[in-house]
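# Structural overview
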Amino acid sequence: MRRRAAEYRRPVRRRFSYWIWGLLGLFSIAALVMFVIHHNHEDRIEPPKNTSIVREQFPREGLNFTEEILSVTSFARQLSDQMTLAKAYVIIAKEHNNLQLAWDLSSKIRNCQLLLSKAAMREQPITLDEAKPLVKGLSSLIYKAQDAHYDIATTIMTMKSHIQAIEERANAATVQSTAFGQLAAEMLPKNLHCMNIKLTADWHGNPVLREIAGEKKNSPRVVDNNLYHFCIFSDNFLATSAVVNSTVSNADHPKQLVFHIITDGISYGSMQTWFIENDFKGAAIEIQNIEEFSWLNVSYSPVVKQLLNQEVRAYYFGSSEDPKSDAKFRNPKYLSLLNHLRFYIPEIYPSLEKVVFLDDDIIVQKDLTPLFSLDLHGNVNGAVETCLEAFHRYYKYLNFSNPVISSKFDPQACGWAFGMNVFDLIAWKKANVTQRYHYWQEQNNDRNLWKLGTLPPGLLTFYGLTEPLDRRWHVLGLGFDTNIDNRLIESAAVIHYNGNMKPWLKLAIGRYKPLWERYVNHTHPYVQNCVTS
């Protein structure tokens, strides 16, 4: 028979030599013997007699009791669940006048609470021996309660009624706390009132202060369009001072800044005295009294007429009969004409071409002079939009059920913020913005288009005339939001304490207050005396 070629041959199966198989067998037997010896040796190892030494050398980590009580396999969880059910039966037993059962259940609940407290203190889980008598006792009482026809349907109905009662009390407490918070926000703090009186007394008792104020009023810098002009309308000298101080402290050229401050007759003396006695790095400061604006009267301004209306004043100052009405809608600060002066800036400063409007509850953290070189693309108002937050759209501020609003405005249009705004006064005059404001104020004579404030009429007045600014120019919420990202605050040119928790109040949010306090002159004797008095 002819042999096949090499490529067609079946491969030869190679086999191990007999001596290799012999070695593998010896190794297997040796390994088995060693395993048996080692296993028997481990069984003979005795535990150390002094266990305390071992504990000292290897300390056990403390028990996380929160995790323990959430674990479905722990005795702590079982006791907690039984306590919850037992508490429900205590209420039902009391309502059915079964005071003995209620007493027994309450006693067991107290024992469970005591055991849970001890376990948390010693940082060790509850053992079976500790839990068994309590679980057994509670189970017996719960069975007794169920046997007394306190079935699950009765329990559910009772708990529902109690939940409803608790919700009503919680809602009442919320309304009450809101009212108290609003009241606290409206009140002038005692230390500010003290400083106000002392500064006003200095103003009336020192003619030199009045002479200096007269000289500053006639300074050519207040009408020089080559400088950077800021306007602030406020009756709070300390808040205004913090705004001015923070602005000049962060400006590259503070001597090129001009601040136009308008206040009321009561605060005029204290405002003048404070800004004369304190240094603001060479910035020009003009202070005016709103009561000297004879042109701002009932015949010219609809808002003046509304603010003097007895019905409107009763709405803000009178007690609300509707418990559901929002307390912030009844803040008397909205009766202050200072709050509405922002719509009359070209009339107040006819020579100026561009200004930056600042609220008195802001702090400046960066140089604001670049705002004056921003291109507003023919718009009047440069502002930061706020519709990144879900509720800051037009439909949240205005009554779109009224055809006057719904026919002219987009309900989803993005809202923006007052507090730091760039106003092009030349474009303002061309667009006749103040007359637009007057028109909307007259339309809202019955408060049917919006409730209150300056933002709703601002949204209407500057509709189609607002240029969105980079969000970092103006960060809001420091007067109500406790969770603003620190990185956002640090990057902001202006931070705004809008809300009730103003930084000069005890209500202030603690983590934001130092950002404001650093710009208050704590070395002034009146600040020191009035804080400690």
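This section reports on the structure supplied with the text. (Residues numbered from 1 in each chain as written. Predicted model: local features only at pLDDT ≥ 70, side-chain atom pairs only at ≥ 80, totals over all residues. Heavy atoms only, no water.)

Once that is clear, we can look at the state of the cysteines. In the structure shown here, the tally under the stated rule is two disulfides. There is a disulfide in this structure between Cys194 and Cys530, and the S-S distance comes to 2.0 Å. The S-S bond linking Cys194 to Cys530 shows a torsion near -65°; that makes this disulfide left-handed. Taken together, the residues span a long stretch of sequence, with Cys194 in helix 8 (residues 190-205) and Cys530 in helix 22 (residues 525-532) at a distance of 336 residues. The two residues Cys194 and Cys530 agree in class, both being buried. Here Cys387 is linked by a disulfide to Cys414, with a sulfur-sulfur distance of 1.8 Å. Taking the sign of the S-S torsion, -95° for the link of Cys387 and Cys414, the bridge is left-handed. Of this pair, Cys387 sits in the loop between strand 6 (381-383) and helix 15 (394-397) while Cys414 sits in the loop between helix 16 (403-406) and strand 7 (420-424); the two residues are 27 residues apart in sequence, bridging distant segments of the chain. (Disulfide = S-S within 2.5 Å. Helix = DSSP H or I, 4+ residues; strand = E, 2+ residues; numbered from the N terminus. Buried < 20%, exposed > 50% of the residue type's maximum accessible area, 1.4 Å probe, protein only.)

Attention now moves to the pairing of strand 2 (residues 257-263). For strand 2, a buried count of seven out of seven residues is recorded, marking the element as mostly surrounded by other parts of the structure. Of the two faces of strand 2, the one holding Leu257, Phe259, Ile261 and Thr263 and the one holding Val258, His260 and Ile262 are both buried throughout. By the bridge criterion, six bridges tie strand 1 (residues 228-233) to strand 2 in an arrangement that is parallel. If you follow Phe230 over to strand 2, its bridge partner there is Phe259. What joins strand 1 to strand 2 is helix 10 (residues 237-249), and the crossover it makes is right-handed. In the sheet, strand 2 pairs with strand 3 (residues 284-289) via six bridges, with the strands oriented parallel. Looking at strand 3, one finds that Ile261 is bridged to Ile287. As a crossover connection, the stretch from strand 2 through helix 11 (residues 268-277) into strand 3 is right-handed. (Pairing = 2+ DSSP bridges. Right-handed = clockwise from strand over helix to strand, strands pointing away.)

This part takes up the packing of aromatic side chains. Evaluated as defined, the whole model comprises 28 aromatic pairs. When the ring of Phe233 is compared with that of Phe357, the centres are 5.9 Å apart and the planes differ by 40°; the resulting orientation is tilted. Linking Phe233 in strand 1 with Phe357 in strand 4 (residues 354-358), this pair joins segments that are 124 residues apart in sequence. Grouping residues by exposure puts Phe233 and Phe357 together as buried. With a centroid separation of 6.3 Å and 20° between ring planes, the pair formed by Phe343 and Phe462 is classed as stacked. Within this pair, whereas Phe343 is found in the loop between helix 13 (310-317) and helix 14 (345-348), its partner Phe462 is found in the loop between helix 19 (455-461) and strand 8 (466-468), the two being separated by 119 residues in sequence. For the pair shown, Phe343 and Phe462 are each scored as buried. Arg110 extends its terminal NZ or CZ atom over the ring of Trp103, reaching a point 5.4 Å from the ring centre. (Phe/Tyr/Trp six-rings, centres within 6.5 Å; stacked < 30°, edge-to-face > 60°. Lys NZ or Arg CZ within 6 Å of the ring centre and 35° of its normal.)

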